[in-house]
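Coordinate inspection notes
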Amino acid sequence: MDLSSFEMDNSVSCRLASQIPDVCRTEDCCLGIDEAGRGPVLGPMVYGICFCPVSRKEKLKELKVADSKTLTEAERERLFQKLDESRNYVGWALQILSPNTISTSMLQRTKYNLNALSHDTAIALVQYALDNGVQLKEVYVDTVGPAEKYQEKLSQRFPGIEVTVKPKADSLFPIVSAASICAKVARDRVVKGWKFNEDLGDVDPDYGSGYPNDPKTKAWLLKYLDPVFGYPQFVRFSWSTAQTLMDSKAVPVHWDDDEEDGEKAAQRQNNKSMLSYFSASAGGNDQSQTHKTHRFFTERRLRSLNTL
Amino acid sequence: MATKKKRAPSAQNDSWVVIAADSVIDTHKHDSNPAFVRLRNPSTDAASLYMLGSGDAQLYEVKAFEEDFHSWFVGQTVQRDGRLLFVTPMDPLYLILPYMIKSDKEGKFQPVHQVVMDEEFPACARLLSCTRSLASLNHIAEEKEAGGLKFHRYSQEKTLNWLKKKVERTVVVLKKRNISVGEGVKSTTYVRAKTESDCCEEDYLRYAHGLISEYISEDLSKALLRHLQLPELTSPKETEPPSKKRKLSDKPVKAGEDYTKFNSADFAWKPPKKMTAAQKTLAKVDKTGMKPMSSFFSPKVKTEK
Amino acid sequence: MSCNTSVTHVHISSVSQAQRAPVHLMPCEIEHNGPAQVSQYLTATTKDRKYEKTVSFRGRGLKGQELSCPQGYTGLVLKEVVDKPGSDQEDRTVRVSSVFDKVTYWNLETPPNSDDTVVMAMDWPELAEAIHGPVED
């Protein structure tokens, strides 16, 4: 697994993939989808797919892949090694969603929630396999949300493919276990070797699991809080843990879409120029009541002053 | 999600981001410091901030670019106040003019030093130190010399000719900079009523006249409009198909005499606190090709003088 | 400063000692005046893409570009000098603390373009010259 393309720019999301085994282009295949690092406040979330011919399902079982969460890091690395050695019939692909992508998506003007982001990422990975000629017949997905709706969405999106969405799919279907191992190995490696883009000197690497309830993670978040910038891009700003700490310890920052619901935001987009001008100039200023400033100035938000 | 905190009121500023004409910082030319002063704004009659530089030889105007929700990073510091101040050279005649007009009521030639006086704004006397002031007084006044002293009397005719030249200069730059002068507001939501190429000479003249009017009294502005042979737009009726208007508003449209309404029409109105159902619907419809919204609401902003 | 007679003096000779500083116009109000690790957080993570710069601040995606000061103009940051006690109470004094010749302005998520208000505001000096420059006799 070569992570260098992500490490070159870890502020954006990145796709990594194995070679497509030839046999996957000629035989009916099954594909598993799983994710790693959904909960942590630190580091990327990784989506993984793994696929192999339906005829080799049993062979995959013999590799003894299991749900990545029940394995130690060393075991996961060993199993990933085995998968890699089976590259003549097992393929995989990963989408690394950088913490910066997660923050900026979830905090976007038109909010992009984590579920939508996850679903879109999973769909793009399946599409990637199809685009590369993988003869997909069965897709197995692990899910945290309601399975039925997600299954319906995927079935509609990929007609002709039998989609199974199930909680704990990673312990039920070896191909999902394999996907979860790929995703988890990538997430662990990325977190371990995180290169801070910020110019912070040597950063204490003892950030624990990255889960908000891990005391080490908490201590790290307190230590690395900057009063103006908040956190380095390694931290997911959209997590309430990070927000709460910034609210109590960093300086307040206000955006023009604060305290707005979607409809208000849309209105604001339409009327921004006009209304923001007036809200800014409403409270007493130098302009007399009757004088109307020429639109050259109002359009450019230029006004005269009566004091510095 | 995050708790949204209320904005705390801002304390008095102690730092400012400014874009200033190079002459402000040309320290070779003079040894006295420039200073921000308050003078009477000829258009609003209220105090505005100006700058006198080069030992009072040069007057500057101060304008702030100001949008809500902005702050500056300057080097390794943060400045909460996100305004950007422009300090641009200004013609001192615009500020001298109201005093000349006022003194003209007596109809006699007077020494200008006795005219440009203002108890409220004592700094106005410094305007006469500006290099261009005395040399260019002939643009707005008749001049007489007696006993080695100069006397002046306001001349509207001269002033209008001078202002006309100002308008013409402005038109040249508006065209050069490709500034949208059509009735449409340059904004993504309001589709321009006319494209740049449709803009006729009159649009440019009216726009430039509106800009110059920022520096003169309303009366003089109207006189200038006549001098430019531009008809005064007295009522939106002339530009508005009546059918459309009746449909959109049941209130009578006031026939404002104030030409400036047309310059700032799109910004001059404030939405009424409560909109009628029809107005709400209107607010949602596509505004493509429609006329300034001020014509839909009675102009609450203006009235008493 | 309510009194019309008060004046703010600009210690202009300070311009020769003023440091050239990068300035960023941010699309949010930061409720703070004082030091900030701008180069460590903002400059270090800014990406120069083809038509825009990108960065994030407090988890929000920003897009921006550099804007030069209009020709014949210089950027100045003025800072108030607290006068010694006993000096004139009414007048204030400022000095030039930094100078700049370009501004980096940032939009929240929107790609920078020529309709951005700050870009349009840069029209002002040339228009001002038309309105205020001397006319021929």
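The present account deals with the structure reproduced in this document. The structure displayed is predicted, hence computed values, not measured ones.

1. Let's talk about the overall build of chain A
Looking only at helices and strands, chain A features 13 helices and eight strands. In chain A, which comprises 308 residues, the proportion classed as buried is 58%. Relative to all contacts within chain A whose residues are 6 or more apart in sequence, the contacts with residues 24 or more apart total 71%. Looking at chain A as shown, the accessible area adds up to about 13,100 Å², and 50% of this sits on carbon and sulfur atoms.

2. Remarks on the packing of helix H1 (residues 93–103) of chain B against helix H4 (residues 156–176) of chain B
Residues and elements named next belong to chain B. H4 packs onto H1 with a crossing angle of 155° between their chain directions and a minimal axis gap of 13 Å. In terms of axis orientation, H1 runs roughly antiparallel to H4. Crossing geometry of H1 relative to H4 is assigned as left-handed. Residues Leu93, Tyr94 and Leu97 of H1 form the contact with H4, whose own contacting residues are Thr159, Trp162, Leu163 and Lys166. Class assignment for the residues of the contact of H1 with H4 results in five nonpolar, one polar and one charged.

3. Some thoughts on unusual backbone geometry
Note on backbone geometry: most residues besides glycine have negative phi, and most peptide bonds are trans. In this structure, Asn178 of chain B takes a positive phi of about 60° despite not being glycine. In this structure, Asn178 of chain B sits in the loop between H4 and helix H5 (201–212). Backbone geometry places Arg58 of chain C, a non-glycine residue, at a positive phi of 55°.

4. Section: the interface of chain B and chain C
Listed by partner, the interface residues are 73 residues for chain B and 73 residues for chain C. Both faces considered, chain B and chain C share a buried interface measuring about 6,400 Å² in area, 58% of it formed by carbon and sulfur atoms. Between chain B and chain C we count seven salt bridges in total. Put simply, chain B and chain C have 40 residue pairs in polar contact (both at pLDDT 80 or more) between them. When residues in the side of chain B that touches chain C are grouped by element, the largest group, eight residues, is from H4 of chain B. In terms of residue class, the side of chain B that touches chain C is made up of 37 nonpolar, 16 polar and 20 charged. The pairing of strand S5 (residues 71–74) of chain B with strand S3 (residues 23–26) of chain C spans four bridges and is classified as antiparallel. The residue of S3 of chain C that forms the bridge with Phe73 of chain B is His24 of chain C.

5. What to know about helix H10 (residues 215–223) of chain A
All names here are of chain A. Within H10, burial applies to Thr217, Trp220 and Leu221. All buried residues of H10 fall inside an arc of 100° around its axis, so they share one side. Seen from the open side of H10, the exposed residues pointing more than 90 degrees away from its buried face are Pro215 and Lys223. At its buried positions, H10 is contacted by helix H11 (240–249). N-cap assignment for H10: the residue whose side-chain oxygen lies 2.9 Å from the backbone N of Lys216 is Asp214.

6. Observations concerning helix H1 (residues 38–45) of chain C
When we look at burial in H1 of chain C, the residues that qualify are Val38, Gln40, Tyr41, Leu42 and Thr45 of chain C. Of the surrounding secondary structure, the elements contacted by the buried residues of H1 of chain C are S5 and strand S6 (77–79) of chain B together with S3, strand S6 (47–48), strand S7 (53–57) and strand S11 (102–108) of chain C.

7. Details of the packing of H5 of chain B against helix H6 (residues 218–227) of chain B
All names here are of chain B. Relative to each other, H5 and H6 sit at 155°, their axes nearing to 10 Å. Considering their axes alone, H5 and H6 lie roughly antiparallel with respect to each other. Of the two elements, H5 crosses H6, and the hand of that crossing is right-handed. Contacts from Arg206, His209 and Ile212 of H5 reach H6 at Ser221, Leu224 and Leu225. When its residues are assigned to classes, the contact of H5 with H6 shows three nonpolar, two polar and one charged.

8. Thoughts on the sheet that holds strand S4 (residues 91–97) of chain A
Paired through their backbone hydrogen bonds, the strands of a sheet run either parallel or antiparallel. Residues and elements named next belong to chain A. Read from one edge to the other, the open sheet built from six strands follows the order S1-S4-S3-S2-S5-S6, with strand pairing classed as mixed. Only two strands of the sheet have a single neighbouring strand rather than two, namely strand S1 (14–17) and strand S6 (162–166). Pairwise comparison of adjacent strand axes, ignoring direction, gives a mean angle of 15° for this sheet. As defined by bridge partners, S1 adjoins S4 across four bridges and the pair is classed as antiparallel. Bridge pairing in S4 links Cys14 to Ile96.

9. Overview of the pattern of salt bridges
A complete count under the given rule lists 46 salt bridges over all chains for this structure. When the shortest N-O distance is used, the salt bridge between Asp188 of chain A and Arg76 of chain A registers 2.8 Å. A residue pair is termed long-range when its members are at least 10 positions apart, and Asp188 of chain A in helix H9 (residues 174–192) and Arg76 of chain A in helix H4 (residues 73–85) qualify at 112 residues. According to the relative accessible area criterion, Arg76 of chain A is buried, its value standing at 7%. One salt-bridge network, held together by shared partners, links Arg109, Asp256 and Asp257 of chain A together with Arg60 and Glu109 of chain C.

10. Notes on the sheet that holds S6 of chain B
Strand order in the open sheet formed by eight strands is S5(C)-S6(B)-S5(B)-S3(C)-S11(C)-S8(C)-S7(C)-S6(C), with mixed pairing between adjacent strands. Only two strands of the sheet have a single neighbouring strand rather than two, namely strand S5 (34–35) and S6 of chain C. As defined by bridge partners, strand S8 (residues 60–68) of chain C adjoins S11 of chain C across seven bridges and the pair is classed as antiparallel. The partner of Leu67 of chain C across the bridge, within S11 of chain C, is Val103 of chain C.

11. Some remarks on the packing of aromatic side chains
Under the defined criterion, the tally for this structure stands at 21 aromatic pairs over all chains. Where Trp220 of chain A meets Phe234 of chain A, the ring centres are 6.0 Å apart and the plane angle is 80°; that geometry is what we call edge-to-face. Of this pair, Trp220 of chain A sits in helix H10 while Phe234 of chain A sits in the loop between H10 and H11, and the two are 14 residues apart along the sequence. Members of the aromatic cluster, connected to one another through ring pairs, are Phe6, Trp194, Phe196, Tyr207, Trp220, Tyr224 and Phe234 of chain A. Here the basic side chain of Arg7 of chain B rests over the ring of Phe69 of chain B, its NZ or CZ set 4.0 Å away from the ring centre. The ring centre of Phe297 of chain A lies 4.4 Å from the NZ or CZ of Lys63 of chain B, which sits over that ring.

12. Here's the deal with the side chain of Ser48 of chain B
All names here are of chain B. Secondary-structure assignment places Ser48 in strand S3 (residues 47–53). Assessed through its relative accessible area of 2%, Ser48 is described here as buried. Here the side chain of Ser48 touches Asn41 through a polar contact of 2.9 Å, side chain to side chain.

Thresholds, definitions, all that
Residues numbered from 1 in each chain as written. Chains lettered and ligands numbered in written order. Predicted model: local features only at pLDDT ≥ 70, side-chain atom pairs only at ≥ 80, totals over all residues. Heavy atoms only, no water. Helix = DSSP H or I, 4+ residues; strand = E, 2+ residues; numbered from the N terminus. Buried < 20%, exposed > 50% of the residue type's maximum accessible area, 1.4 Å probe, protein only. Contact = heavy atoms within 4.5 Å. Areas by Shrake-Rupley, 256 points an atom, 1.4 Å probe, with all protein chains shown as cover. Axes fitted to C-alpha atoms, helices over the stretch in contact; angles between N-to-C directions. Parallel < 35°, antiparallel > 145°, perpendicular 65-115°, else oblique. Left-handed = near helix turned anticlockwise from the far one by under 90°. Nonpolar A, V, L, I, M, F, W, Y, C, P; charged D, E, K, R; others polar. Buried area = accessible area lost by both parts, 1.4 Å probe. Salt bridge = Lys/Arg side-chain N within 4 Å of Asp/Glu carboxyl O. Polar contact = N/O pair within 3.5 Å; in protein donor to acceptor, adjacent residues only side chain to side chain. Pairing = 2+ DSSP bridges. Arc of directions from axis to C-beta. Phe/Tyr/Trp six-rings, centres within 6.5 Å; stacked < 30°, edge-to-face > 60°. Lys NZ or Arg CZ within 6 Å of the ring centre and 35° of its normal.

Purely geometric stuff here, so don't read any function into it on its own.
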